[in-house]
Amino acid sequence: MSRIGNQPIPLPAKVEVTLVPGAITVKGPLGTLSRSFGAELSIEKDGDKLVCKSASELARPMHGTLRALVANMVKGVTEGYEKKLTLVGVGFRAQAAGDKINLSLGFSHPVVHPMPKGVKVETPQQTEIIVKGIDKQQVGQVAAEIRAYRPPEPYKGKGIRYVGERVKIKETKKK
């Protein structure tokens, strides 16, 4: 049996949960998230907690996964998620403009990345990017797409990196 899947999910006071067979909707102060799941899995509300259950042995692999996804939904609608990126390099700049971000990354043209619905971007400084949203997967995906425009290179470390990411610098070739 899954150890993570057996743990109940505590519900804060501001969160409303709607359960339908095969689907769950979580509504909180920051927004609403929905997810569907297989018929062999079920979620039950027990007071101020949610309990995930699997009906068969075949559903065991998804038992802990469903519990983790629902716990992330509850955290997302109450606190939200954010990823921080930093630009390292001479002349590298970022500027948030509404629902898109303008990046100057040393190319011959500026890079404009549109933000999907539900994700916001901030640039407190020209070399810092903060991606915020209520869906953990979507925030991580947008941050990865922005990083993919110019990932850190191994010789000087220039590029876009996550805050706290360590880039191993290689030594240049000697003659």
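Treat the numbers as computed from the prediction; the structure is a model and nothing was measured.

A.B. asks: Pulling in residues and values, what's your account of the sheet that holds strand E4 (residues 32–36)?
C.D. replies: Strand order in the open sheet made by the three strands is E2-E3-E4, with antiparallel pairing throughout. Where the open sheet ends on each side, the last strands, each with one partner, are strand E2 (16–20) and E4. The average undirected angle you get between the axes of adjacent strands in this sheet is 10°. Alignment of E2 against strand E3 (residues 23–27), held across five bridges, turns out to be antiparallel. In the sheet register, Thr 18 faces E3, and the bridge partner there is Thr 25.

A.B. asks: Requested: an account of the layout of surface pockets, with residues and values cited.
C.D. replies: Estimated volume of the largest pocket: approximately 200 Å³. For the largest pocket, the full set of lining residues is Leu 30, Glu 79, Gly 80, Tyr 81, Glu 82, Gly 118, Val 119, Lys 120, Lys 132, Gly 133 and Ile 134. Residue assignment for the lining of the largest pocket shows that the elements contributing at least two residues are strand E7 (81–88), strand E11 (119–122) and strand E12 (128–133). Looking at side-chain class alone, the lining of the largest pocket contains four nonpolar, three polar and four charged residues.

Conventions and cut-offs
Residues numbered from 1 in each chain as written. Predicted model: local features only at pLDDT ≥ 70, side-chain atom pairs only at ≥ 80, totals over all residues. Heavy atoms only, no water. Pairing = 2+ DSSP bridges. Helix = DSSP H or I, 4+ residues; strand = E, 2+ residues; numbered from the N terminus. Axes fitted to C-alpha atoms, helices over the stretch in contact; angles between N-to-C directions. 1 Å grid on protein atoms, 1.4 Å probe; cavity = no way out; pocket = protein on both sides within 12 Å on 5 of 7 lines; lining within 4 Å. Points joined across faces, edges and corners; volume = space filled by probe spheres on them. Nonpolar A, V, L, I, M, F, W, Y, C, P; charged D, E, K, R; others polar.

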